[in-house]
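Architecture at a glance
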2 protein chains.
Amino acid sequence: MRRFVVALLLAGAGNLLASPQAGPSPALLGFSEDAARIEHQWENKFTAIPQPENLREYMRRLSARPHHLGSPYNKESAEWILARFREWGWDAHIESFDVLFPTPKERLVEMVEPTQFVAKLEEPTVPVDPTSDQHDEQLPTYNAYSVDGDVTAPLVYVNYGVPQDYEQLERLGVSVKGAIVIARYGASWRGIKPKVAAEHGAVGCLIYSDPRGDGYFDGDVFPEGAWRPREGVQRGSVMDMTIHPGDPLTPGAGATQDAKRLELKDVTTLTKIPVLPLAYGDAQPLLAALKGPVAPDSWRGALPITYHLGPGPAKVHLRVKANWDIKPLHDVVARIPGAAYPDEWIVRGNHHDAWVNGAEDPVSAMVAELEEARALGELIKQGWRPRRAIIYCAWDGEEEGLLGSTEWAEAHAEELRRKAVAYINSDGNGRGYLELGGSHTLERFMNGVAKDIVDPEKNIAVWRRLQLKRIADADSAEKREEVRTRADLRLAALGSGSDFTPFLQHLGIASLNLGYDGEDGGGIYHSIYDDFYWYTHFSDTTFVYGRALAQTAGLAVLRLADAELLPFEFSDFAETLQTYSDDLKKLLKTKQDEIRERNRELDEGVFTATADPKRTLLPPPREDVPPFINLAPLENAVENVTRAAKKYSATLEKARQGGTSAADPAAIQRVNALLMESERKLTLPDGLPARPWYKHQIYAPGLYTGYGVKTLPGVREAIEQKKWPEAEREILRVAGVLDAETQLINSAAVELEKALR
Amino acid sequence: MRRFVVALLLAGAGNLLASPQAGPSPALLGFSEDAARIEHQWENKFTAIPQPENLREYMRRLSARPHHLGSPYNKESAEWILARFREWGWDAHIESFDVLFPTPKERLVEMVEPTQFVAKLEEPTVPVDPTSDQHDEQLPTYNAYSVDGDVTAPLVYVNYGVPQDYEQLERLGVSVKGAIVIARYGASWRGIKPKVAAEHGAVGCLIYSDPRGDGYFDGDVFPEGAWRPREGVQRGSVMDMTIHPGDPLTPGAGATQDAKRLELKDVTTLTKIPVLPLAYGDAQPLLAALKGPVAPDSWRGALPITYHLGPGPAKVHLRVKANWDIKPLHDVVARIPGAAYPDEWIVRGNHHDAWVNGAEDPVSAMVAELEEARALGELIKQGWRPRRAIIYCAWDGEEEGLLGSTEWAEAHAEELRRKAVAYINSDGNGRGYLELGGSHTLERFMNGVAKDIVDPEKNIAVWRRLQLKRIADADSAEKREEVRTRADLRLAALGSGSDFTPFLQHLGIASLNLGYDGEDGGGIYHSIYDDFYWYTHFSDTTFVYGRALAQTAGLAVLRLADAELLPFEFSDFAETLQTYSDDLKKLLKTKQDEIRERNRELDEGVFTATADPKRTLLPPPREDVPPFINLAPLENAVENVTRAAKKYSATLEKARQGGTSAADPAAIQRVNALLMESERKLTLPDGLPARPWYKHQIYAPGLYTGYGVKTLPGVREAIEQKKWPEAEREILRVAGVLDAETQLINSAAVELEKALR
């Protein structure tokens, strides 16, 4: 194996080494010069430890059998993980919760008109793939948290089934009222599809994997290639996580044995209509039997048919019944105590449950977390003592709706709010580029980490590779210039879809979400073919990116745990807020311009003049032009954050020049106490409009995108939904939050200044 | 039948009537008030004459049997058309030429590795379609003017087979040297595909109709729907028309019996490698047998396969042999003498030959021309006498390479250069919007005509409907604003692909190309299914757009033939030139920016850093940044044209206010003589670089686009091909041409001024 030599670079300085080697006496954000020297030594030791062959063996073990929530191998895996943590010197335990988890009792999709066809709803064994035949242990193909139902109705094809698709259907004269819709996977989180379908009066929902989404359109199908075969199905939860994730029976509270539980009828996060997922082999006969208007160009997939919308003549019978059981889930929680600050926690997590064997999702990243744990244990043996406590978690029940992480976060909410410094998540890994997502108060910090990890394929810093990728992908000269000149690469804001959500958006804990991807494609997501055979043939087959992830996330943990001054930084955050505020302004202006233009075209008769009389294409509805709204409170608040951030940065620079070690440790701890609060200040106790569980005022999953983030969500969604008074109210609320943040940053600057005297 | 009432509108005034009715005393460009009144009366009579049922019956007759060049029914049709012209009072005759026309002797496409497959190369009878079984008279599926050849080689998929596709292939590490390429139809004229393939070393070329091009991706296939069925093939010529169209043996001269003919070996417009077209039914097994890199996303069609590039393992045997015969072609030429100016000709043409039955191409527009001829004959009976001569032509051999029109234009070149005022072409018709293409000196005139024709589906002027369509389609607020406020809708510049080419680009005769389309789609182009059954089920089934075309083209003829002052106008032309000149500037700047950026990215290592090591993706080649070139001569020349155009327009306005009738007719004729020359002045005797047949310096078909136009082609193609000294030379040549035009326009203004005194 190639020996790994870490490149230690000046944090934020962009002084990149083309080929990695140990740099001379580098500075590190939050470390005095002496401390940085020691830290670098430990980091060098740390990054040398993770071994690809270990990752491979962990994966072989963890993906050997299906291990969904409540299954025998799920519990065995939790215990195996527990044993590993203990073996590596961690103080570990399993924490269990009891959660609602429906599993299929009956599943039927049949076409009853104009011809008969019964969908198979089964994924066949692939002979070369040794785990694909474990049918007894595999969960059938289904969408968890679909309500039970038995409906027969004409079919309508609704493209991705997002709100704009229904606007288009209306113009095309097609109604889904009383119909079963068939939507293709993609463009939104799957739970949005039945939600929007039900809002438009549909009585059932089928979601299928079009071969244009992740099938033969993209590449050879499994087992010849990585892509979804004809009978491959994407399972998945359709719980309405945009209201709240976690156990539907215990919103806001840990699902402990004695927790107060809602009755099933009072649950708010089940679908309104029955839902099942389909393979394209099962979907094709249904779609081919549709008549009515031909689907718009961009709605057509890669099946060898003409895509029609219906309704009918295809009529479909859909029956879904579940066993509505309470199942135990098993989170593994392991700890290394903090030597100096035991009550400051760096939390790291990845889920261990899968829909089936889950080699890619989640095992490919779970094994990185395990190898980090082994490496940190190794350092402990060598005498390393982190200043802060480190808590490593292996979540259960993520696939069903972030159950394990949410219940744990809810159960320990009060303590976490006091103690958590940051949460670092991962959830799947492959070859390619570092996925950089998270809280912007950690943007500078995370850029520093990314500059110190070497890409295994290109032998340059992963930071540099990502920068070059962003240069390649930039769609304008301006964006390219920004990528080239901005000190830090931007972090993507976090929406949802993985276990950071309860930490970031419910508790206000600064979070990061990490993983490598961009080079492997594939179509095994949530199918029985996401297994060891697939992963070791088509993804990070040598596990060098697994090692890179262990190095990346581990280094972030190490550095956060060891820093004298917590490496939060606010100038990137403030500048990012500025872009979000500008986005809102543009959003409003775009809406005004669009509606004004559309109304003008209605007056001119554009839509009637350009409608082919042989087809239905109704004019869009006339709408009122959105009013101007008062964004000034937000703009002023952002301005204030910006000023405070500058002040803090200037003080930080002074500290860096003076050396933090000159400072009074107790005074530094007063700064740290404030910094730990900086993300909490971005929350409000009563949360977002109509979804109080989501307390963060800067980031939230979109009500109609699901995984996709909405930044400044209160204001943005009010504008999108044309609720103007609500938009103005939300502007005041978020401005209030930012003013509190400004105060905190100012206080931190003052305390830091004091600490330096 | 609904009675047609024409709306006569102020030319260029934009004063549109929402519902058509006879307007009060309207002004007409080129007519005195009195003359306009009389003209309107004749125009009203004229537009009332064309009848849909006649169009239907002409189509039934002309598309009853295959009637390609040299076939029995082709000659019968020419004679039938001749008889109709004579019946309607025209002085008509058939003018024949003898041209090289290869027809298939042997055709073979077979896959010899890794499996055996022999392509059918046949279009089956469709039972409900009564003419689809005329196999004895149908030309087999082939590409005319392919050289003979017999090659066996690995297959490579080259997307559309245009130059950029080969740049991409090079980056993907795929060479076509020694290979047979398979390209899909689309994106360029078909003859470009074998030309570019041969330039890159391919030894054979297959061109297939992907179902994403005009098959099931777009709609139900024939006979259920309008789109190309599995075995439907697009025939077509692959002669290199971008060098010269017409008989390959007699470039530049009429192919009369005693014409001097080249030997076959000296012909420059045959392909370099053998070519055959394929149906997607025949193409799918070949494409499915390819391995190698997966084709880039945008290269993938709608077949249910993963598109690979090859080369191989599919190996293909391609054999093509033709009968290289000389065949007679029969142009029908009919004439109404000019009462006042017998030596000023308004020429109108449409071809009558088809690849097979050709109901849509060309009969749907040929029948409109016939109905115009009947209507004009009717007016003659009622006492109308056009000032100028009117010549109606039905061309033969268009499909093979504009043979009939080119040979006639070449045979009569000298006379046409002296006498032709304008040429008005059509070539196929359907439902929808008026296709406005032509010389910009006629832009204002043609806008005036379009304002006077009522759209049969929407009961508004076709001009207005097109304006609203362009508003709907505009991709920016700026473009929408231009469509709304510019007095005239822009004419598309003409490239090639129909019979206007010899008139416009060889002889310099101002031309228009007219037709309706945009609402019917279909996939029967150049197949046996382009027939009466298809057209009367899926296109302009009530022939109301056939009537609209007869009204539109006929009105243009009538008005040009009757005008006192020829309705040429130069301000639109000058403004259009300005946009072309700006385009060139932008083209150069874009190329400079792109290459500078690409070189920078090469320096940064963007391409190596973002290349997946599991796939081949080579960096693009480093190129020299294009130098700045001196565009000033062109810019000054355009400025001068603009000034002269203003002067002419001002004088014209004075004439309009004074009434042209106050002017001295002999003096007006001096102006007309100049105006007739205005398009001729845009040509140079030695033509464009490397293709002297193309003499027009403003419009030409692109050397690598075929049908697609290149404006200011000498300069533009020199820049595109990075021939910088040639670009500078061409700037001077086109500036010289424009200076001559400026002089002519100035002289016309002076003469017109004189005529008014």
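Here is what the cut-offs are and how they apply
- Residues numbered from 1 in each chain as written.
- Chains lettered and ligands numbered in written order.
- Predicted model: local features only at pLDDT ≥ 70, side-chain atom pairs only at ≥ 80, totals over all residues.
- Domains from an automatic or database assignment.
- Contact = placed C-beta atoms within 7 Å.
- Helix = DSSP H or I, 4+ residues; strand = E, 2+ residues; numbered from the N terminus.
- Nonpolar A, V, L, I, M, F, W, Y, C, P; charged D, E, K, R; others polar.
- Least-squares fit on C-alpha atoms with pLDDT ≥ 70 in both.
- Core = buried A, V, L, I, M, F, W, Y, C linked by C-beta atoms within 7 Å.
- Buried ≥ 20, exposed ≤ 12 C-beta atoms within 10 Å, placed from the backbone.
- Pairing = 2+ DSSP bridges.
- Right-handed = clockwise from strand over helix to strand, strands pointing away.

All names here are of chain A. Here chain A is described as being made up of domain 1 (52–99 + 327–457 + 492–562), domain 2 (101–324) and domain 3 (571–756). Of note, the centres of domain 1 and domain 2, computed from C-alpha atoms alone, are 29 Å apart. Residue-level contacts link 43 residues of domain 1 with 39 residues of domain 2. Elements supplying a minimum of two residues to the side of domain 1 that touches domain 2: strand 1 (91–113), helix 9 (398–401), helix 10 (403–411), helix 15 (500–506) and helix 16 (532–538). Top element by residues in the side of domain 1 that touches domain 2 is helix 10. It accounts for five residues. Of the residues in the side of domain 1 that touches domain 2, the class split is 20 nonpolar, 14 polar and nine charged.

Take the relation of the copies chain B and chain A next. At an RMSD of 0.0 Å, chain B and chain A line up after a rotation of 180° and a shift of 0.0 Å along the axis. Each copy turns onto its partner about a two-fold axis.

On the side of chain A, 28 residues touch chain B, which itself brings 28 residues to the contact. Those elements that place two or more of their residues in the side of chain B that touches chain A are helix 13 (462–473), helix 18 (571–604) and helix 19 (606–609) of chain B. When residues in the side of chain B that touches chain A are grouped by element, the largest group, five residues, is from helix 13 of chain B. The residue inventory of the side of chain B that touches chain A, partitioned by class, reads 14 nonpolar, four polar and ten charged.

Here is a general trend for soluble globular proteins: nonpolar side chains tend to be buried in one another's company. Counting 446 residues, the largest nonpolar core has Ile180(A), Val181(A), Ala422(A), Ile180(B), Val181(B) and Ala422(B) as the members making the most contacts within it. Here this core gets twelve residues from one element, more than from any other, and that element is helix 23 (residues 724–756) of chain B. Excluding residues within four positions of it along the chain, Ile180(B) makes contact with Val151(B), Ala153(B), Leu155(B), Ala202(B), Val203(B), Gly204(B), Cys205(B), Leu206(B), Val316(B) and Leu318(B).

Here the focus is the environment of Pro337(A). Residue and element names in this part refer to chain A. Following the sequence through the fold, Pro337 ends up in the loop between strand 9 (315–336) and strand 10 (341–351). According to the C-beta neighbour criterion, Pro337 is exposed, with 12 such atoms within 10 Å. Measuring from C-alpha to C-alpha, the distance between Pro337 and Asn429 comes to 28 Å, with 92 residues separating the pair along the chain. Leaving out residues up to four positions away in the same chain, Pro337 has contacts with Pro342 and Ala389.

All names here are of chain B. In terms of burial, strand 5 (residues 180–184) is largely enclosed, as five of its five residues are buried. What you see with strand 5 is no split at all: Ile180, Ile182 and Arg184 on one side and Val181 and Ala183 on the other are buried throughout. Here strand 4 (residues 149–157) pairs with strand 5 via three bridges, running parallel. Its bridge partner being in strand 5, Leu155 is matched across the sheet by Ile180. For strand 5 and strand 6 (residues 204–208), the ladder comprises five bridges, and the chain directions are parallel. The residue bridging Arg184 from the neighbouring strand is Tyr208, located in strand 6. For the crossover from strand 5 across helix 5 (residues 192–199) to strand 6, the handedness is right-handed.

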